[in-house]
Amino acid sequence: MRQTLVAGNWKLNGSIDDIQTLVKGILDGMSGANGKAVAVCPPYVYIPMVSELLKGSEVGLGAQDVSEQSSGAFTGEVSPEMLKEIGCQYAIVGHSERRSIYGELDTDTANKYKAAMDSGLTPILCVGELLEERESGDTENVVARQLDAVIDAVGVEGLAAGVIAYEPVWAIGTGKTASPEQAQDVHAFIRNKVAQLDTVVAEKVQILYGGSVNGGNAAELFAMEDIDGGLIGGASLTSEAFLAICTA
Ligand code: PGA
């Protein structure tokens, strides 16, 4: 049985005060998460503070991105080793906002995945198609291409060290969630694709869904056979909304 994981991606949101309130609220309500793993991904600068606040709790900590470099003249970058040192377990790689706004390529994402994995972080690999790609019937090709880049870099065994998040770009921040069946279809495609290379890895790898998940649709999504939790943006910014998903 794969454990359900609910991870909050706070993106570029929050302040010291907001985040203290949010973390306290999450910790107060965590008893309802019954067996789900829960993690939060703050902006880099707040990670040390959140790490302190989470001490002794079951809530995991991740970064929203990571450098593929480990040190040197790379202005603005943060290495996986640094994230490990300040207490992160996870790093999101290849989020669609990194790909579309910052021009990150499949190979960049794959290199970040490898660097995170090699440092002992659990990479959360985001994949997903644009609306045009879905409408032209290219969803599976796009997701396969994004996955293949990572498999080329780390082998199929490398996928066992991470988590995959299927996030249709048209569902992110739009309030337009994929239906449980639409999401399940792509999750099953991903798991079958991995199974063609390694059935053990395919059974093991957690595949999260992301894109307008909220307290009202989480239970239905998480009940699907190949959906092992969620990557949550907007609804992770208040403890009430996030806990409604964690306890779904
Ligand atoms: P959303 O974001 O929940 O606000 O749609 C999801 C994500 O970008 O990971």
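Residues numbered from 1 in each chain as written. Predicted model: local features only at pLDDT ≥ 70, side-chain atom pairs only at ≥ 80, totals over all residues. Heavy atoms only, no water.

- In the nomenclature of an unreviewed UniProt entry, the chain corresponds to Triosephosphate isomerase from the organism uncultured Thiotrichaceae bacterium.
- What the UniProt record of the chain gives under Subcellular location (unreviewed entry) is the line "Cytoplasm".
- What the UniProt record of the chain gives under Subunit (unreviewed entry) is the line "Homodimer." (UniProt positions renumbered as here; feature names shortened; annotations may be inferred.)

**Details of the UniProt feature "active site" (unreviewed entry) in the chain**
(1) Moving on: Look at the UniProt record and you will see "active site" (unreviewed entry) annotated at His95 and Glu167. In summary, the annotated positions, though distributed over 73 residues, converge in three dimensions, the widest C-alpha pair being only 8.4 Å.
(2) Moving on: Along the chain, histidine 95 turns up in the loop between strand 4 (90-93) and helix 4 (96-101).
(3) Moving on: The class of histidine 95 is buried, set by a relative accessible area of 5%.
(4) Moving on: In contact with histidine 95, other than residues within four places in its own chain, are Asn9, Lys11, Cys126, Glu167 and Ile172.
(5) Moving on: Tracing the backbone through its elements, the reader meets glutamate 167 in the loop between strand 6 (163-166) and helix 8 (180-197).
(6) Moving on: In this structure glutamate 167 comes out as buried when scored by relative accessible area, which is 5%. (Helix = DSSP H or I, 4+ residues; strand = E, 2+ residues; numbered from the N terminus. Buried < 20%, exposed > 50% of the residue type's maximum accessible area, 1.4 Å probe, protein only. Contact = heavy atoms within 4.5 Å.)

**Describing unusual backbone geometry**
(1) Moving on: Its identity as a non-glycine residue notwithstanding, lysine 11 has a phi of 50°, on the positive side.
(2) Moving on: Position of lysine 11 among the secondary structure elements: in the loop between strand 1 (5-9) and helix 1 (16-29).
(3) Moving on: Non-glycine residue serine 212 carries a positive phi angle of around 55°.
(4) Moving on: Looking at the element boundaries, serine 212 is found in the loop between strand 7 (206-210) and helix 10 (218-222).

**A look at the site of the ligand**
(1) Moving on: As a structural note, the neighbourhood of the ligand is formed by 13 residues, with Lys11, His95, Glu167, Gly173 and Ser212 the closest of them.
(2) Moving on: Between the ligand and glycine 173, the relevant distance is 2.7 Å, taken from an oxygen atom to a main-chain nitrogen or oxygen of the residue.
(3) Moving on: A distance of 2.7 Å separates an oxygen atom of the ligand from a polar backbone atom of serine 212.
(4) Moving on: Computed on the free molecule, the ligand has an accessible area of 280 Å², of which 95% lies beneath the protein chains in the complex.
(5) Moving on: Partitioned by chemical class, the residues of the shell around the ligand number 4 nonpolar, 7 polar and 2 charged. (Near = heavy atom within 4 Å. Polar contact = N/O pair within 3.5 Å; in protein donor to acceptor, adjacent residues only side chain to side chain. Areas by Shrake-Rupley, 256 points an atom, 1.4 Å probe, with all protein chains shown as cover. Nonpolar A, V, L, I, M, F, W, Y, C, P; charged D, E, K, R; others polar.)

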